[in-house]
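# Commentary on secondary and tertiary structure
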Amino acid sequence: MPARAEFAPRPVINDASRLNPTSVARHIALKAAPTDDVVGRIRQEIAAAAAEGRPFAIGTARHSMGGQSIPRDGVAITLTGGHIELDKAAMTYRVGAGMRWFEVIRALDPQGFSPAVMQSNSDFGVGSTFCVNSHGWPTRYGPFGATVRSVKIVMADGQLVECSRSKNAELFALAMGGYGLFGAIVEAELDMVPNVSLEPTYVRMDPSRFADAFLKAVETDPAVKMAYGRLSVAREALFDEALLITYRPAATQPSPLPAVVDHGALTGFSRNVYRLQTGHEWAKDFRWFMEASISPTIAGAATRNTLMVEPVVNLASGDRTRTDILHEYFVPPDRFKDFVDLCRAVIPKAKAEFLNVTLRYVDADATAVLAYAPQKRIAAVMSFSQEISPEGEVDMMTMTEALIEGIKGLGGAFYLPYRLHARRDQVRSIYPRSEEFVAAKRKLDPQLVFRNTMWDAYFA
């Protein structure tokens, strides 16, 4: 009797939602060091995937919730580490794509500099930020890509290509917010700005006033260096109040500036209150009271880097029966009141717990093919707590589809990196250059080596 072959399970990878476990043929953890031939190793794995007819995808933090760095039955690389080099005369820095933002800030901070734009939390990778073309809350900027001078990309045929607005500009526009579908980003040259001590100002208002007040603060006051908004999220009084927070340089600038810190004295308490909101409407009211009434009396100056370096893990939940799901919608400022009405009509009907919404200014993006802000937008970043169950999935899908349909009617957009709950016709309508994007993908990567679950769901 022949011996039974030993069973070797395939590796399984997931993303921050914990709802996308996917088997892959290989998962390679690649930590970049100055002496490593990272490009050569990536080339080798791309070639192997192509020879086997498998998809290839690369990621860092694996946070995107739609599996954008997950190649089903393919070859996955998790890239971490790298190098960073400052050019103080040009006010730029070159950085390896696997570096996380807290590593970038720790390198820039002692030199007195700060990233011009990064994601709002520091756990994520630089290359990944370019691939999703994320945005932050420094003003007055468009998405992250607006501060990218150039990137180096390993293509499907193994070529290492440098692209920018003046060199290989078509590829640059496709790869910016291209979700890794055109190649593996290995390096980027980015803008930096001086670090500075900033003081906050809080203004409480009716949501009907928010858009005008936000644009006035950001666009007419050059002293405003960072800004964001909040809306109240209690179910019975959804979006009844708005809060505008702006940061201007402190009157006294310490010399030297204090070193960056990634948490404050109230971090643990804030996390506990945030997590209590699930199932407790009183906690949502209490959190709003703390943010709108108490924070203005106790908030002090902080450096730009300290404001930007907070990790998303500070708000992590220990409840394994639920998961936090992000949505993001890009609203034309003159339709913000209608967006408030849309959310009031849709969100309270869902079983998912609405935990937070942060409002940010995003200037127009004239470069990216899949631009979510072709004109200036107010970005609404929403966090929900969802039950991990088939019922929880159906509930979230139903709410998401309704919100996407509503934002389409307002001339806005939804952000692609989150759950793959949009219909294809919604994607095509809201991203009118998607057919151009797909055609360019098939031209530059005819074997479709770079693929992920978002490609499968929306573009294949």
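For clarity, every value in this text was computed on a predicted model and none was experimentally measured. (Residues numbered from 1 in each chain as written. Predicted model: local features only at pLDDT ≥ 70, side-chain atom pairs only at ≥ 80, totals over all residues. Heavy atoms only, no water.)

## Considering unusual backbone geometry
Residues threonine 139 and arginine 140 are joined by a peptide bond in cis, for which omega reads -10°. Structurally, arginine 140 is set in the loop between helix H3 (126–132) and strand E9 (148–154). The phi dihedral of asparagine 168 falls on the positive side, at around 50°, and the residue is not glycine. Accessibility expressed as a relative area gives 39% for asparagine 168, which makes it partly exposed. The phi torsion at tyrosine 179 lies on the positive side, around 55°, for a residue other than glycine. Inspection of the secondary structure assignment puts tyrosine 179 in the loop between helix H4 (169–175) and strand E11 (184–194). (Helix = DSSP H or I, 4+ residues; strand = E, 2+ residues; numbered from the N terminus. Buried < 20%, exposed > 50% of the residue type's maximum accessible area, 1.4 Å probe, protein only.)

## Some points on the pattern of salt bridges
Scanning the model with the defined rule gives 31 salt bridges in all. We note a salt bridge from arginine 275 to aspartate 324, for which the minimum N-O separation is 2.7 Å. Here the residue arginine 275 occupies a position in helix H6 (residues 267–276), and aspartate 324 occupies one in strand E16 (residues 322–331), the gap between them amounting to 49 residues. The class for arginine 275 is buried, based on a relative accessible area of 17%. For glutamate 405, the salt bridge identified is with lysine 408, shortest N-O distance 3.0 Å. (Salt bridge = Lys/Arg side-chain N within 4 Å of Asp/Glu carboxyl O.)

## Some points on the packing of helix H5 (residues 207–220) against helix H9 (residues 336–346)
When two helices pack together, their arrangement is given by the angle between the helix axes and the distance between those axes. Running from amino to carboxyl end, H5 crosses H9 at an angle of 140°, the nearest separation of the two axes being 8 Å. Between H5 and H9, the angle falls in the class oblique. Like other packed secondary-structure pairs, H5 and H9 cross with a definite hand, here right-handed. The residues of H9 that touch H5, namely those facing Pro207, Ser208, Phe210 and Ala211, are Phe336, Lys337, Val340 and Arg344. Taken together, the residues of the contact of H5 with H9 sort by class into five nonpolar, one polar and two charged. (Axes fitted to C-alpha atoms, helices over the stretch in contact; angles between N-to-C directions. Parallel < 35°, antiparallel > 145°, perpendicular 65-115°, else oblique. Left-handed = near helix turned anticlockwise from the far one by under 90°. Contact = heavy atoms within 4.5 Å. Nonpolar A, V, L, I, M, F, W, Y, C, P; charged D, E, K, R; others polar.)

## Things to note about the side chain of arginine 304
Looking at the element boundaries, arginine 304 is found in helix H8 (residues 304–308). For the buried arginine 304, which has no salt bridge, the nearest side chain bearing the opposite charge is aspartate 109, at an N-O separation of 9.8 Å. When sequence neighbours within four positions are dropped, the list of residues in contact with arginine 304 reads Ser114, Pro115, Ala116, Pro138, Tyr141, Val193, Pro194, Asn195, Val196, Leu198 and Met226. (Lys, Arg positive; Asp, Glu negative; His and termini not counted.)

## With respect to H5
Relative to the 20 Å expected for 14 residues at 1.5 Å per residue, H5 spans 20 Å between its end C-alpha atoms, a close match to the ideal helical length. Listing the buried residues of H5 in full gives Pro207, Phe210, Ala211, Ala213, Phe214, Leu215, Ala217 and Val218. Here the buried face of H5 lies against strand E12 (197–205), strand E13 (226–231), strand E14 (242–249), H9, strand E17 (353–362) and strand E18 (377–387). (Expected span 1.5 Å × (residues − 1).)

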